[in-house]
Amino acid sequence: MIRTNGLSKAFQSVEVLKNIDLQVAANEIVILLGPSGSGKSTLLRCLNGLEEPSAGSVELNGIRIEPAMTKKQKLSNFREIRRQTGMVFQQFNLYPHKTALGNVIESLLVVKKMAKAEAVKTGEQLLERVGLADKRDAYPSRLSGGQQQRVAIARALAMKPAVMLFDEPTSALDPELVGEVLDVMRQLAKEGMTMVVVTHEMKFARQAANRIVFMDGGVIVEEGSPERFFTEPQTERARKFLNQLGEH
């Protein structure tokens, strides 16, 4: 479903991603691990078209982005890739003047031009799916951080994405609220959603991932099953990372 070939990304003279080759199959849960500054978030942003590759290519469901394309081709393909990806960020980015339901249905009304009654019905179903049916009329200021992030997940699901991308979705939450967001992500995994997740939640990574991809310095250092990565890391850099976290 996702393929990158020789993907590189530089910001001015700083090369953040270097020759990344990554494949993600349909229904696979891939978790990106690595120290801060290793390029994980930039890789996610390249996958959904928020950043344009400096070299190499990104492909999602056969839709390709590469530097050699014309501006018009890129714009068209970026739009299609964004339609097929749901992105959940560290910060919830909800509209403060809209209710939970209003936030979820915004894209249905504006992008899909869905009738209001149909959008409301879909939005209510999505809020129920993330355990927030009783909060449909609550504004973000009246929701906990965990509840706001679950609204953000429901909003991303509204467009029926082929892939969900999560960029450290629990890092801004108080520890006691982390579990409720991870529970929703576990349920999505059980339902077969293709997911690429940047996280520091090692227990979740062990339990939910089909594959761990460990990055450092803008490159993929190691990848493999959670069992192998956490019990028998193949590289010294991965062993050092896990030892620092008390995970190996």
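Residues numbered from 1 in each chain as written. Predicted model: local features only at pLDDT ≥ 70, side-chain atom pairs only at ≥ 80, totals over all residues. Heavy atoms only, no water.

A. Main features of the packing of helix α4 (residues 116-129) against helix α5 (residues 145-157). Interhelical geometry of α4 versus α5 gives an angle of 135° and a closest axis separation of 9 Å. Between α4 and α5, the angle is such that the two are oblique. The handedness of the crossing between α4 and α5 is right-handed. On α5, the residues that touch Leu 126, Leu 127 and Arg 129 of α4 are Val 151, Ala 154 and Leu 157. For the contact of α4 with α5, the class distribution of residues is five nonpolar, no polar and one charged. (Axes fitted to C-alpha atoms, helices over the stretch in contact; angles between N-to-C directions. Helix = DSSP H or I, 4+ residues; strand = E, 2+ residues; numbered from the N terminus. Parallel < 35°, antiparallel > 145°, perpendicular 65-115°, else oblique. Left-handed = near helix turned anticlockwise from the far one by under 90°. Contact = heavy atoms within 4.5 Å. Nonpolar A, V, L, I, M, F, W, Y, C, P; charged D, E, K, R; others polar.)

B. Seen up close, the sheet that holds strand β2 (residues 14-24). The strand order across the open sheet formed by four strands is β2-β1-β4-β5, and the pairing between neighbours is antiparallel. With partners counted over all chains shown, the strands left at the sheet margins are β2 and β5 (63-65), one partner each. Taking each pair of neighbouring strands and ignoring which way they run, the sheet shows an average axis angle of 25°. Pairing of strand β1 (residues 2-11) with strand β4 (residues 55-60) involves five bridges; the strand directions are antiparallel. Opposite Ser 8, over in β4, you have Ala 55 as the bridge partner. Packing of helix α1 (residues 40-47) onto the sheet brings it into contact with β1, β2 and β4, and relative to β1 it is tilted by some 120°. Contacting β4 and β5, helix α2 (residues 71-84) crosses the sheet at an angle of about 125° to β5. (Pairing = 2+ DSSP bridges.)

C. Focus on helix α6 (residues 175-190). Compared with the 22 Å implied by 1.5 Å per residue over 16 residues, the 24 Å span of α6 between its first and last C-alpha is a close match. Those residues of α6 that sit buried are Leu 177, Val 178, Val 181, Leu 182, Val 184, Met 185 and Leu 188. Seen along its axis, α6 keeps its buried residues to an arc of 155°; they face one direction. Of the exposed residues in α6, those oriented more than 90 degrees away from the buried face are Glu 176 and Lys 190. Immediately beyond the C-terminal end of α6, within one or two residues, lies Gly 192, with a positive phi of roughly 95°. (Expected span 1.5 Å × (residues − 1). Buried < 20%, exposed > 50% of the residue type's maximum accessible area, 1.4 Å probe, protein only. Arc of directions from axis to C-beta.)

D. Spotlight on the packing of aromatic side chains. For the coordinates displayed, the defined rule picks out three aromatic pairs. Each ring, one from Phe 214 and one from Phe 229, has its centre 5.8 Å from the other, and the planes form 40°; the classification is tilted. Residue Phe 214 is located in strand β9 (residues 211-216), and its partner Phe 229 is located in helix α8 (residues 226-231); the two are separated by 15 residues in the primary sequence. What makes Phe 214 buried here is its relative accessible area of 0%. We note Lys 9 situated over the ring of Phe 11; from NZ or CZ to the ring centre the distance is 5.1 Å. (Phe/Tyr/Trp six-rings, centres within 6.5 Å; stacked < 30°, edge-to-face > 60°. Lys NZ or Arg CZ within 6 Å of the ring centre and 35° of its normal.)

E. Here's a closer look at the pattern of salt bridges. According to the stated counting rule, one finds 16 salt bridges in the structure shown. Across the salt bridge formed by Asp 216 and Arg 237, the nearest N and O atoms sit 2.8 Å from each other. Placement of the pair is Asp 216 in strand β9 and Arg 237 in helix α9 (residues 236-245), with a sequence separation of 21 residues. Exposure remark for Asp 216: the relative accessible area of 23% places this residue in the partly exposed category. Connected through shared salt-bridge partners, Lys 9, Arg 45 and Glu 51 make up one network. (Salt bridge = Lys/Arg side-chain N within 4 Å of Asp/Glu carboxyl O.)

F. Structural view of the sheet that holds strand β6 (residues 85-88). Here we have six strands laid out as an open sheet, ordered β6-β7-β8-β3-β9-β10, and mixed in their pairing. Of all strands in the sheet, those with a lone pairing partner are β6 and β10 (219-224), marking the two edges. With strand direction ignored, the average angle separating the axes of adjacent strands in the sheet is 20°. Bridge count between strand β7 (residues 163-167) and strand β8 (residues 194-198): five bridges; the pairing is parallel. Paired with Val 163 across the bridge in β8 is Thr 194.

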